[in-house]
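Tertiary structure, described
Okay, here's what each chain looks like letter by letter:
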Amino acid sequence: MSESVVAITGGTGFVGTHLVKRLVAEGHKVRLLVRSKAPDCQLSHRNEIELVHGDLDNLSALRKLTNGANTVIHLASKISAKDRDEFDAVNVDGTRNLAATAKAAEVGQFIFISSLAAREAHLSAYAASKKQAEQELINLTKFSEMPWVIVRPPAVYGPGDKATLPLLQALTQKFAVLPGRAEARFSLIYVDDLVDAISGLIGDEETLGQTVELDDGTPGGYDWPSLAKIAGEVGGQQVRPVFLPRTVASAAAGAMELGAKIVDKTPALARDKVHELYHINWVCQNTRLQTAGTWAPKTRFSEGFRKTVAWYRSEGWL
Ligand SMILES: NC(=O)c1ccc[n+]([C@@H]2O[C@H](COP(=O)([O-])OP(=O)(O)OC[C@H]3O[C@@H](n4cnc5c(N)ncnc54)[C@H](OP(=O)(O)O)[C@@H]3O)[C@@H](O)[C@H]2O)c1
């Protein structure tokens, strides 16, 4: 059992909750940056989980978080925001603050969970902010001073995820109305597999200084018709995909943005998100962890979909 201290941001989010559970089970001492109350499953592990209260702009909290840590895993991120400035404040400035603090604390390894979106930085403010955050980390940390690895997951799904709920919910219907294109291809990863890969990166020297993409091992990824077919087989009924025209999705997003602006809230769907959803190629290309044999995903969509839908149903989300 390892006794290394792993400092984590974003540990209260979807991926973070799964990751923290896994690392505690593996015997790591975990230190979390939390802004609000940590989930009960984390509060009940007081011996293994230390909480540091603060935000990514709170330098004193970041010093407490990183001081004496062997590894930092940076998951915290704005996933939706009103505008580019709001994304940048957390994703770019927050990453720079954390990386600088970790470097000063002589942390041995910085694992940054970016996104496959960073490969297509022109598509959205979120994608651009993740790409810029990667660049900030690279610029700030010369390889010999603080070794880093950047992980770019594709869409992550699994129990507890609210972001993919509407899409998976659509796939449980006879007619699945989908915001996307029939010919688009994309990779997916089940949350347990992502957590497994991140855990395997702790202390791994082979990947230092690299940017890695990782998926569920399906060559060439999926398209919506193939997901509908799998969902139909799992659910025992034929699922027919119905593609929402991009103009309709853009118009709906525009209206939501306007409504949200009036009440100063984040829109449920923004035009930027439509650009991401209608992009034709979200297939991971640089899956070097898989090709090097250091990690292997276990869950293809048929099993992941079944488990996730079962969890949604058990929690009354579906
Ligand atoms: N889910 C996906 O499909 C996916 C795909 C590719 C990449 N990723 C990346 O994976 C990471 C985790 O994603 P997720 O789906 O788990 O996101 P999530 O559920 O939205 O969780 C975001 C986490 O970031 C924290 N956070 C947000 N703003 C913060 C701030 N200013 N200071 C400190 N903490 C802050 C949140 O804390 P609170 O609980 O206090 O709000 C939460 O713990 C992100 O970096 C994301 O870009 C996710």
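Just above, that's the structure.
Worth saying up front: this structure is predicted, and the values here are computed from it rather than measured.

Looking only at helices and strands, the chain has 13 helices and 13 strands in total. Its C-alpha atoms give the chain a radius of gyration of 19 Å, within 12% of the compact-globule value 20 Å for 318 residues. Along the first, second and third principal axes, the C-alpha atoms of the chain reach 55 × 45 × 35 Å. A separation of at least 24 residues holds for 76% of the contacts in the chain among residues at least 6 apart in sequence. In the chain, 36 side chains carry a positive charge and 36 a negative one; their mean positions are 4 Å apart.

On to helix 10 (residues 246-262). For helix 10, spanning 17 residues, the distance from its first C-alpha to its last is 24 Å, which sits close to the expected 24 Å at 1.5 Å a residue. Where helix 10 is concerned, the buried positions are A249, A253, E257 and A260. Taken down its axis, helix 10 places every buried residue within 75° of arc, on the same side. What points out from helix 10, more than 90 degrees from its buried face, is the exposed set T247, A251, L258 and I262. Of the residues one or two after helix 10, D264 is the one with positive phi, at around 55°.

With respect to spatial proximity, 23 residues lie near the ligand, and among them T12, R35, L75, Y126 and K130 are the closest. Separating an oxygen atom of the ligand from a backbone N or O atom of L75 is a distance of 2.7 Å. Within the contact set of the ligand, an oxygen atom lies 3.3 Å away from a backbone nitrogen or oxygen of I113. Alone, the ligand offers 900 Å² of accessible surface; in the complex the protein occludes 83% of this. Partitioned by chemical class, the residues of the shell around the ligand number 13 nonpolar, 7 polar and 3 charged.

For E106, which is not glycine, the phi dihedral falls at a positive 55°. Mapping E106 onto the fold places it in the loop between helix 5 (93-104) and strand 5 (109-113). Of note in this structure, D264 is not a glycine but carries a positive phi near 55°. Tracing the chain through its elements places D264 in the loop between helix 10 and helix 11 (271-277). With a relative accessible area of 53%, D264 lands in the exposed category.

The rules we used
- Residues numbered from 1 in each chain as written.
- Predicted model: local features only at pLDDT ≥ 70, side-chain atom pairs only at ≥ 80, totals over all residues.
- Heavy atoms only, no water.
- Helix = DSSP H or I, 4+ residues; strand = E, 2+ residues; numbered from the N terminus.
- Rg over C-alpha atoms; globule rule 2.2 N^0.38 Å.
- Contact = heavy atoms within 4.5 Å.
- Lys, Arg positive; Asp, Glu negative; His and termini not counted.
- Charge placed at Lys NZ, Arg CZ, Asp CG, Glu CD.
- Expected span 1.5 Å × (residues − 1).
- Buried < 20%, exposed > 50% of the residue type's maximum accessible area, 1.4 Å probe, protein only.
- Arc of directions from axis to C-beta.
- Near = heavy atom within 4 Å.
- Polar contact = N/O pair within 3.5 Å; in protein donor to acceptor, adjacent residues only side chain to side chain.
- Areas by Shrake-Rupley, 256 points an atom, 1.4 Å probe, with all protein chains shown as cover.
- Nonpolar A, V, L, I, M, F, W, Y, C, P; charged D, E, K, R; others polar.

Interpretation in functional terms is not warranted from these geometric data alone.
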